[in-house]
Amino acid sequence: GEETQRKGNEKLPAHHLPHLKNLWQGGRDAIRGMMRNQAMAAVRSRMLAKLASRSAAPKRTYIRPAYELAKRIMPKISPTEEAALNSGTICFDRDLFSGDPTTKSLLSRYTAELSGEEQSFIDNEVEVLCEMLDSHQIDEDQNLPPAVWKFIREKKFMGLVIPKAYGGLGFSGHGHAKIVQKIAGRNGAAAVSVMVPNSLGPGELLYHHGTPEQKDHYLPRLAHGIDIPCFGLTGAASGSDAASMRDEGVVCMQDGVLGMRVNFSKRYITLAPVATCVGLAFRLRDPEKLLTAGKEGITVALLPTEANQFAPNGLPGLITGPRHNPLGTAFMNGTVVGNDVFIPMACVIGGEKQTGFGWKMLMECLGEGRGISLPAGGVAQAKMALLGVGGYARVRKQFKVPIASMEGVQEKLANIGTLTYQVVAMTDLFGAILADKEKPPVVSAIMKLLCTEKGRTCVNEAMDVAGGAGISKGPANFLASAYTAVPIAITVEGANALTRSMMIYGQGLTRSHPHLLKLVQAIQHGDDMPTFNHELTNIIKHAFTNLGRGVTRGLAVQIQSKGSDIAGYYENNLSRLAANFAFCSDVGLTMGGAIKTGEFISGRYADILSNLYMGYACLWFYEQNKHVKGLDKLLDLAMADVCKNTQEAFFGLFANFPIPLMGPVMRVCTFPRGREYHNTTDKLRRQVSNLVTTPTEVRALLTEGCFVSKDPQDRINQIVRAMPLACQADEYLAACRKEKRQPTDAEQAVINQAEELRELIIQVDVFDTLAGKNHRGEDMKATWSVEPFQGSKEQAAH
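Just so you know, these numbers come straight off a predicted model, no measurement behind them.

Chemist: What is the right way to read empty space enclosed by the protein from this model?
Modeler: Left-over empty space is what a probe sized like a water molecule reveals as it rolls over the atoms. Under the criterion given, the structure shown has 3 cavities of 30 Å³ or more. Roughly 110 Å³ of internal volume is contained in the largest cavity. Looking at the largest cavity, it is lined by 15 residues, and the ones nearest its centre are Ala 469, Ala 476, Asn 477, Phe 478 and Arg 715. Broken down by secondary-structure element, the contributors of at least two residues to the lining of the largest cavity are helix H18 (468–471) and helix H30 (715–739). Around the second largest cavity, the lining residues are Gly 173, His 174, Ala 177, Gly 371, Ile 372, Ala 376, Thr 427, Phe 430, Gly 431, Leu 434 and Met 447. Listed by contribution, the elements that provide at least two residues to the lining of the second largest cavity are helix H10 (173–186) and helix H16 (407–435). For the lining of the second largest cavity, a count of residues per class yields 6 nonpolar, 5 polar and no charged.

Chemist: When you look at the packing of helix H17 (residues 441–466) against helix H19 (residues 480–491) in this model, what are you seeing that I'm missing?
Modeler: How two helices pack is summed up by the angle between their axes together with the distance between the axes. Axis separation between H17 and H19 bottoms out at 10 Å; the angle between their running directions is 160°. Relative to H19, the element H17 is oriented roughly antiparallel. Between H17 and H19 the crossing geometry is left-handed. Contact with H17, carried on its side by Lys 448, Thr 452, Glu 453, Arg 456, Val 459, Asn 460 and Met 463, involves Ala 482, Tyr 483, Val 486, Ala 489, Ile 490 and Thr 491 of H19 and no other residues of that element. Residues of the contact of H17 with H19, tallied by class, amount to 7 nonpolar, 3 polar and 3 charged.

Chemist: Can you help me understand the pairing of strand S7 (residues 333–344) in this one?
Modeler: Of all 12 residues that make up S7, 9 are buried, and the element is covered over most of its length. Pairing analysis gives 4 bridges linking strand S6 (residues 318–323) to S7, with the strands arranged antiparallel. Note on S7: the bridge partner recorded for Leu 318 is Gly 338.

Chemist: Looking at this structure, how should I read the confidence of the model for the protein chain?
Modeler: Atomic detail in the predicted coordinates should be set aside for any region of low pLDDT. Model confidence for the protein chain is summarised by a mean pLDDT of 89, while 89% of its residues fall at 70 or above. Taking the mean pLDDT of every element in the protein chain, the minimum, 46, falls on helix H1 (residues 2–11) and the maximum, 98, on helix H9 (residues 146–154). When the criterion is pLDDT under 50, residues 1–12 qualifies, and its contacts beyond four places in sequence or with other chains add up to 4 contacts. For the stretch residues 54–60, pLDDT sits under 50, and the model shows 4 contacts to residues farther than four places along the chain or on other chains.

Chemist: Would you mind showing me how to read the packing of aromatic side chains here?
Modeler: Aromatic ring pairs: the centre-centre distance and the angle between the two ring planes describe each pair. Counted by the stated rule, this structure contains 17 aromatic pairs. Plain terms: the ring middles of Tyr 421 and Phe 621 are 5.6 Å apart, the flat faces sit at 80° to each other, and that makes the pair edge-to-face. Residue Tyr 421 is located in helix H16, and its partner Phe 621 is located in helix H25 (residues 599–625); the two are separated by 200 residues in the primary sequence. The residues Tyr 421 and Phe 621 share a single accessibility class, namely buried.

Chemist: Just checking my understanding: could you explain the pairing of strand S4 (residues 277–285) for this structure?
Modeler: Within a regular beta strand, the side chains point alternately toward one face of the sheet and then the other, so they alternate between its two faces. Summarising burial for S4: 7 of the 9 residues are buried, a large majority. As paired strands, strand S1 (residues 229–232) and S4 are joined by 4 bridges and run parallel to one another. In the strand pairing of S4, Pro 229 is matched with Cys 277. Pairing analysis gives 3 bridges linking strand S2 (residues 248–254) to S4, with the strands arranged parallel. Counterpart to Glu 248 in the pairing with S4 is Arg 283.

Chemist: Hey, could you run me through the pattern of salt bridges in this one?
Modeler: For the coordinates displayed, the defined rule picks out 28 salt bridges. A salt bridge links Lys 178 to Asp 428; the shortest N-O distance between them is 3.0 Å. Of the two residues, Lys 178 sits in helix H10 while Asp 428 sits in helix H16, which places them 250 residues apart along the sequence. We classify Asp 428 as buried; its relative accessible area is 13%. A cluster of three or more residues bridged by salt bridges with shared partners is formed by Asp 100, Arg 549 and Arg 553.

About the criteria used
- Residues numbered from 1 in each chain as written.
- Predicted model: local features only at pLDDT ≥ 70, side-chain atom pairs only at ≥ 80, totals over all residues.
- Heavy atoms only, no water.
- 1 Å grid on protein atoms, 1.4 Å probe; cavity = no way out; pocket = protein on both sides within 12 Å on 5 of 7 lines; lining within 4 Å.
- Points joined across faces, edges and corners; volume = space filled by probe spheres on them.
- Helix = DSSP H or I, 4+ residues; strand = E, 2+ residues; numbered from the N terminus.
- Nonpolar A, V, L, I, M, F, W, Y, C, P; charged D, E, K, R; others polar.
- Axes fitted to C-alpha atoms, helices over the stretch in contact; angles between N-to-C directions.
- Parallel < 35°, antiparallel > 145°, perpendicular 65-115°, else oblique.
- Left-handed = near helix turned anticlockwise from the far one by under 90°.
- Contact = heavy atoms within 4.5 Å.
- Buried < 20%, exposed > 50% of the residue type's maximum accessible area, 1.4 Å probe, protein only.
- Pairing = 2+ DSSP bridges.
- pLDDT = per-residue confidence, 0-100.
- Phe/Tyr/Trp six-rings, centres within 6.5 Å; stacked < 30°, edge-to-face > 60°.
- Salt bridge = Lys/Arg side-chain N within 4 Å of Asp/Glu carboxyl O.

Right, dumping it as structure tokens:
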């Protein structure tokens, strides 16, 4: 630079200096520009590389604090919950959580039909069995007659769902439900004895998880009734919380045989007193690491009460036989106890490799049965209440008119008709869902809750109508056994209180929501920000989509009149409510894990979900039976009930949502005009009451499949014969009064026949003694005396 310039100045002539200076400055500027351009190029290169790396990785659309917040508040999934979430299938419950279900989709996917073999079995074997049952005598004996037990076992009633390849009947879940319904309408103890082997027994577990040797040995014996099964799950400390069982086994070796030393105490086990093989769930430990397959955890084994190839030396210490007394009902129920019992590994269902997988097996196989057996009992109670009391109210007269004409009674009868329609619709839809190879645990829980609760209400309403005839026990009382047994169905297989407040929505939200489970898994699996961002975006979109649906559909129903298209009117209202439910479910996620313990809130969400399922079932059933004259009246009343109850559950949610302002926000977004659904008119209730107490197509549809004995002394037989005669006789008498004439001979014959049956039906049972004890014995005679009162004469004299 400067030195070179100085030397150059000394050598060059003076007139060259300006040119040299310009040349030097230009070179300097050029070099500086090149350096600047190179620096800029390097910067650009680094920036492009960074942008390329960012575009290659998923974008982070949410700040990390949002992820950390979700990580803290979202519910944690325990291993037992994960097993439940991974069991069974998701069907129409996914549509409800999506906010866009339709009756059309149900009609296109599901059809409920009995096979020819199933219908033949109902018309023949089931008919014969029901005719053999005397509910009063069974209650007195506290057992089924030996001939009934023999018939049930020989005719494969215990193998209804066992595949034909193993000697069973191979019936569908729908066929199973219809069979149990018919039997339960006649006698609850017989129905329980049939339903348990087909739903709660180990047959289903064996078929899906058993070893070939176990299947080949047990399934034919179970199908033919040689073995009677039971399943031991409930213990003193583990009722609804069955996974907390303290029954424990330890892996050990005995005489060279790998097995388990187990102690257990089970109670409330149906069929245990007469069982020959016991399914047992217990918690397994392996402190000495003897297992070569499987793992520690809940395990399911099948214990023979006598020695067989799986337990060659028997199972000393296994005790079955003692009975409970479940409210005087006659079905077998008792305890299963084991003290230091060595159970060979061959007894584990599925063998050693299935140790520790018992809870998953139970959730997969028993979830379906929850939606079949007990709901079938609830449907039977509703149907028999409608058949029996609906007819009785038309025959029984007070103040010279049938009590079915009294408005106080009509209110009860309309309620029975409405509830019967609802449970029949739900069970038929569920049967169709099962026929489509689905096993939906959430819908099963809804079925168990609603059918047993509505069956209970029907029986209670029927008792109010029957009056003294309902509370006088005896052969003529067709309500007493059902009334006594109602709390049993409410309690078993998950108490209804907890099914509603914990299971339906708690499990349904996680497994049936289209995006939540993936979001929770993204949090639980570690720092999975891309999946979290994706699913959180989907949930937000889902919420706003359903907010929009709810608003637009809410506006649409305001301008739609019911008119003649009752089904279309209620379809639109249900669609609006379903969108509101989906939106409010997304809002409910702001509670995080607290929604698992917030049972008041979870219960109200469950009420909404359950009513939506029931509403769509009612529409589905109507579309397949709308040719039945008068069914639109029943649909109208049933759907009005669904909409009003759903609305009240929403408003309970709004008023009690624990996060400030969120409840009012949900209310304004979903019900801006306040409550919109109200009770139906008295006129509609009167019409429905008349439909179920007269010989109509509606009454025939809702009592289809009910057993009616051929014995003319049977009370239901008498009512079924008397009801149409009573209606005809009343018409003749009304015509005679109007025309001021006497009945014709033909009319008088009908009147006389109706009166004869009426006189029989209004009678109740009486007994000389009860429990074989003389109530007028010597111990009832007074052994003390009292002096006569002397004051009366004195008072008379004054």
